[in-house]
Amino acid sequence: TDLSAVWQSGQVATTSGDGALRCWDLSSGSLVSKSQAHRGAANCVDMYVDTKHVVTGSADGTIKVWDLSAGTTPVHTLWACQALHLQHQEVLSLVTDWSNGRILCGCCDGTLQLLDLARPDRALA
């Protein structure tokens, strides 16, 4: 379970044990949208300042990139540790370098994975 807030816009994205991605309006406290993001628990989330783009990470080993203005289907799905030919790892944390299109994720085995959104099929490190 995690949250990411864009204070200027009053928007918050949350993830939870049920695998859902929820977006909230802080001023009213109302739920703006809900997507079934992952099969396993959704452990982490990062929202871009435009509040339309969100990245989520999960116990199912996936990292998903969302364009909330386009609907409830992710625009990219990446696998943690896929490029290392290891068993997929539960994603516990992530941070997105939005300017350079990279995601750094922390996996349950203690490893870090740096992923490139332009090349989702291979890891940078």
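See above for the structure.
The numbering scheme is per chain: residues are counted from 1 as the chain's sequence reads. pLDDT decides what is reported in this predicted model: residues at 70 or higher carry local features, side-chain atom pairs at 80 or more are listed and counted, and totals for whole chains, interfaces and linings draw on all residues regardless. Side-chain numbers here rest on the full set of heavy atoms in the structure, without hydrogens or water.

A.B. asks: Mind showing me how you'd approach the pairing of strand β2 (residues 11-15) here?
C.D. replies: Side-chain positions along a regular strand alternate between the two faces of the sheet. Buried, partly exposed and exposed residues are distinguished by accessible area as a fraction of the type maximum, computed with a 1.4 Å probe on protein chains only: under 20%, between the cut-offs, and over 50%, respectively. Strands are runs of DSSP state E lasting at least 2 residues, helices are runs of H or I lasting at least 4, and numbering of each runs from the N terminus. Summarising burial for β2: five of the five residues are buried, a large majority. Strands are labelled as partners when DSSP assigns at least two bridges between them. As paired elements, strand β1 (residues 2-6) and β2 share five bridges and run antiparallel to each other. Following the sheet pairing, Leu 3 is matched in β2 by Thr 14. Counted between consecutive antiparallel strands, the loop separating β1 from β2 contains four residues, among which Gly 10 sits at a positive phi close to 75 degrees. As defined by bridge partners, β2 adjoins strand β3 (residues 20-25) across five bridges and the pair is classed as antiparallel. If you follow Thr 14 over to β3, its bridge partner there is Arg 22. If you look at the hairpin formed by β2 and β3, you'll find four residues sitting between the two strands, and Gly 19 has a positive phi there, around 85 degrees.

A.B. asks: What exactly am I supposed to notice about the sheet that holds strand β7 (residues 62-67) here?
C.D. replies: To summarise the sheet geometry, strands pair through backbone hydrogen bonds and adopt either a parallel or an antiparallel arrangement. If you walk across this open sheet you meet the four strands as β5-β6-β7-β8, and the pairing is antiparallel. The sheet is open, and its two borders are formed by β5 (42-47) and β8 (76-79), each paired with just one other strand. Each strand of the sheet is rotated relative to its neighbour by a mean of 20 degrees, with strand direction disregarded. As paired elements, β7 and β8 share four bridges and run antiparallel to each other. Residue pairing in the sheet places Ile 63 in a bridge with Leu 78 of β8. Fitting a line to C-alpha atoms yields each axis, with helices limited to the stretch in contact; the angle taken between N-to-C directions then spans 0 to 180 degrees.

A.B. asks: Just to check I follow, could you spell out the pattern of salt bridges for this structure?
C.D. replies: Any two side chains of opposite charge can pair, so long as their charged atoms come close to each other. Here, a salt bridge means any Lys or Arg side-chain nitrogen found within 4 Å of an Asp or Glu carboxyl oxygen. All told, the structure shown has two salt bridges when counted by the stated rule. A salt bridge links Asp 18 to Arg 22; the nearest nitrogen and oxygen atoms lie 2.8 Å apart. Judged by its relative accessible area of 16%, Arg 22 falls in the buried class. Among the ionic pairs, Asp 97 bridges to Arg 102, the shortest N-O distance being 2.7 Å. Residue class for Asp 97 comes out partly exposed when judged on its relative accessible area of 23%.

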